[in-house]
Amino acid sequence: MKITRRTALQGTAGAFALGLSGFNFDFTKAEAQAPNVKRGGTLNFAISAEAPHYDPHASDTYATLHFAAPFYSTLLRFNLSKFPSVEGDLAQSWTVAPDLMTYTFKLHPNVKFADGTAFTSADVKATYDRLRDPPQGVVSTRKPTFADIGSIETPDPLTIIFKMKAVNAAMLEHFASPWNVIYSAKDLAENPAGPRTKINGTGPFVFVEHVKGSHVAGKKNDNYFKKGMPYLDGFKGIFTLQAAAMLNAVQGGQVLGEFRGISPAERDRLVQAMGDKIRIEEDSWTLNLLVCFNVTKKPFDDVRVRKALLMAIDRWGGSVGLSKISTLRAVGGVLRPGSPYATPEAELVKLPGFSKDIKKSREEAKKLLKEAGQENLKFVLWNRNLAMPYTPAGVFLVDQWRQIGVEVEHKQSDTGPYLATMNAGNHDVAIDFSNLFMDDSSLALSKYLSLSRAPENRSRSTDPELDKLYDDHIRERDPEKRKALIRAFEKRVFEQGYQQPILWWHRIVPTHKALMGWKMSPSHNLGQQLEDVWINT
């Protein structure tokens, strides 16, 4: 599988391990480098799902991020022109201690929240305290990522220091996560759960309105700390839950782009209809769909049942057919195929659920079901009602399981209740997703940790052996030893069959050629602040 933007996280972490000073971005210079920018106008773009709430800390769906990202800033972020390099956002510069145990950030001065209050290091501390140790009633899906932070110090209003309890070689990249938007310490003190329903950020746009079932709108932040930005007067994210409506809106010019991704057939339709007016960009995608068994419910508490259902899936044959009609494409393990630590195909085919001899696998699957007393197994497959690619994935799985005599009812729901049902553990078997923003293993593996450590683990499994392998691999700085620990982790996950990737996605993004400044990446979570986007009219 080709990756068009090479990942080099290990090298990046190694560079900072040498104690190199951080990036200091000159936004005034950046503006000067774009002399042809045209200012003004409102960008209309499509969002194919409505945000279940406004809080990126508690979310792992793009529906929240595409909705909220333009209103917020993060400490660092990824430089999409040099992905996966990072650059400052609210951080003006930074240093990393040679032993990777201390991260010191200098913050931009004169930054204000949308409500007019001044931004200081106390806001960063309150944000990261919420991420690593959320108060009761608050969910942080990034809790495992920041568990190694020992203390956060604020020696002055523009300096913040993170001291680690243990090394995480990819910590700097985690500080660049698009989900770690900075909240106001004052707001969090008043109501720690407030960001679910209230928006107050330091980003390039100020929240105007959310009309349920219709759109989210923002206007230019006149006090934005990056001089000269944003270029747009405003934006409107229009909810287009039906694929046909989205395509019609793109084709008719009501929206200038859809930043998540479309299928090959949808791409071909737009190209045929719009010719040179449409821009198509493609990349492999740091995103996969998972089969997720709720191990707290019978008979899915039996590993024989879980393994049987996984072994019945012909991923290799499915990738050929589904890649023609959907965004699903590559067969892979827990890391994106082709990325530095991904399991090669020759090793992958030896793991449960990935054999290319599907006839033999299905015979073994039938034996396992018989041993478990489940020859007449019936259950409900819980799924999201997004046409691309959840619906074809669900139809595919129902057919795969039918071929070993299992009867499945396929139920789909809007994004909000779909997530709420899984998060509450009310599903039997579900199609879940692993939505990554980079290829780092500490991010990809965290979804499979015990539920007490990873609220996004919707299989609800508890496995101390996996937790230990995860912790050991984070501490390991020798690439080969780290790779061996990742392999051991993956083998354990697949042998236990709690949850397992179905296929990885392929990203195809359509934008009008009048839309300028937006940058393609392997993740639809990145580049959605829209500060440097403009319309060439």
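Note that this is a predicted model, so its numbers are computed, not measured. (Residues numbered from 1 in each chain as written. Predicted model: local features only at pLDDT ≥ 70, side-chain atom pairs only at ≥ 80, totals over all residues. Heavy atoms only, no water.)

Peer 1: What is the right way to read the sheet that holds strand 8 (residues 205–211) from this model?
Peer 2: Strand pairing in a sheet is mediated by backbone hydrogen bonds. Such pairs are either parallel or antiparallel. Taken in spatial order, the four strands make up an open sheet running 1-10-9-8, and their pairing is mixed. With one partner strand each, in any of the chains shown, strand 1 (42–47) and strand 8 form the two edges of the open sheet. The mean angle between the axes of side-by-side strands here comes to 15°, regardless of whether they run parallel or antiparallel. (Pairing = 2+ DSSP bridges. Helix = DSSP H or I, 4+ residues; strand = E, 2+ residues; numbered from the N terminus. Axes fitted to C-alpha atoms, helices over the stretch in contact; angles between N-to-C directions.)

Peer 1: Any chance you could explain unusual backbone geometry here in plain terms?
Peer 2: Pro84 follows Phe83 through a cis peptide bond whose omega is 10°. Positionally, Pro84 belongs in the loop between strand 2 (76–78) and strand 3 (86–88). For the bond running from Met229 to Pro230, omega is -5°, close enough to zero to count as cis. Positioned with a positive phi, Leu100 is a non-glycine residue whose angle comes to about 60°. Residues other than glycine seldom take positive phi values, yet Asn110 does so here, at roughly 60°. Following the sequence through the fold, Asn110 ends up in the loop between strand 5 (102–107) and helix 4 (121–132).

Peer 1: I'm lost on the domain arrangement of the protein in this one. Help?
Peer 2: On domain assignment, one finds that the protein holds domain 1 (39–72 + 203–277 + 513–536), domain 2 (73–188) and domain 3 (285–506). The C-alpha centroid of domain 2 is placed 25 Å from the C-alpha centroid of domain 1. Contacts between domain 1 and domain 2 engage 24 residues on the former and 26 residues on the latter. Together, the buried faces of domain 1 and domain 2 total about 2,100 Å²; carbon and sulfur atoms form 61% of this surface. For the domain 1 face of the interface with domain 2, the top three residues by lost area are His57, Tyr72 and Phe225, together amounting to 37%. The tally of links from domain 1 across to domain 2 stands at three salt bridges. A salt bridge links Arg130 to Asp55, with the shortest nitrogen-to-oxygen separation between them at 3.0 Å. On the surface where domain 1 and domain 2 come into contact, there are 13 residue pairs in polar contact (both at pLDDT 80 or more). In terms of residue class, the side of domain 1 that touches domain 2 is made up of 11 nonpolar, eight polar and five charged. (Domains from an automatic or database assignment. Contact = heavy atoms within 4.5 Å. Buried area = accessible area lost by both parts, 1.4 Å probe. Salt bridge = Lys/Arg side-chain N within 4 Å of Asp/Glu carboxyl O. Polar contact = N/O pair within 3.5 Å; in protein donor to acceptor, adjacent residues only side chain to side chain. Nonpolar A, V, L, I, M, F, W, Y, C, P; charged D, E, K, R; others polar.)

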